[in-house]
Amino acid sequence: MAQYERLILMAEDELIQYSTDARKIEKLRQKIGLSVTPTEQKQVKEALLAEMPTDFLSQLVEKQRQTVALPFWGIAGLGLLFGISLSQPLDYIATIAGAAIAIAVQKWGWRLQAKRLVLQTLEDIEQLTRKPD
């Protein structure tokens, strides 16, 4: 599934650009149309549909990853503040743990958002290639 990973990376590249979702899908659709065969597109779409989580927490992280990670950044900051001000080396554990969890949540949300973008793009391509009967 080299195409799968490559498409996710292409979607992540599109996510860093400030534009609307429709523009991101349009640009990604052109890239996918040129580099991925229709059978590979179907395989990637099936894999994405099977893999995309449907639980509440995953959907929340996908849509609001920064908001979900914010409390963990706060814990990291407080651990750093207390560690410095109270000279307590154990408080640095909260800093490390909070920062690690916040980064993990943001990476998870970024990856979910990229997968959703690829899935939307593949559905858009499929809809455009369908012939009206």
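Right, let's walk through the structure included here. In this text, all values refer to a predicted model and were calculated from it rather than measured experimentally.

**Focus: helix 4 (residues 56–63)**
Within helix 4, the full set of buried residues consists of Ser58, Val61 and Glu62. One side of helix 4 holds all its buried residues, which, seen down the axis, span an arc of 100 degrees. Residues of helix 4 that are exposed and angled more than 90 degrees away from the buried face: Phe56 and Lys63. Tucked into the core, helix 4 has its buried residues touching helix 5 (65–85) and helix 6 (91–129).

**Regarding helix 5**
Look at helix 5: 30 Å from first C-alpha to last across 21 residues, which is about the 30 Å you get at 1.5 Å a residue. In this structure, the buried residues of helix 5 make contact with helix 4 and helix 6. Phi turns positive, to about 55 degrees, at serine 87, one or two residues after helix 5.

**A short note on the nonpolar core**
In this structure, Leu7, Leu28, Ile32, Val44, Leu48 and Val118 are the most contacted members of the largest nonpolar core, which totals 19 residues. Of all elements in the fold, only helix 1 (2–15), helix 2 (21–35), helix 3 (38–51) and helix 6 reach the threshold of two or more residues within this core. Among residues more than four places away in sequence, those in contact with leucine 48 are Tyr4, Ile8, Lys115, Val118, Leu119 and Leu122. Within the second largest apolar cluster, five residues are counted, among which are Val61, Ala69, Ala102 and Val105.

**A closer look at the environment of glutamine 41**
Residue placement: glutamine 41 occurs in helix 3. For the pair glutamine 41 and valine 118, spaced 77 residues apart in the sequence, the C-alpha separation amounts to 10.0 Å. Excluding its chain neighbours within four sequence positions, the residues that come into contact with glutamine 41 are Ile32, Gly33, Val36, Leu122 and Ile125.

Rules behind the numbers
- Residues numbered from 1 in each chain as written.
- Predicted model: local features only at pLDDT ≥ 70, side-chain atom pairs only at ≥ 80, totals over all residues.
- Heavy atoms only, no water.
- Buried < 20%, exposed > 50% of the residue type's maximum accessible area, 1.4 Å probe, protein only.
- Helix = DSSP H or I, 4+ residues; strand = E, 2+ residues; numbered from the N terminus.
- Arc of directions from axis to C-beta.
- Contact = heavy atoms within 4.5 Å.
- Expected span 1.5 Å × (residues − 1).
- Core = buried A, V, L, I, M, F, W, Y, C linked by side-chain atoms within 4.5 Å.

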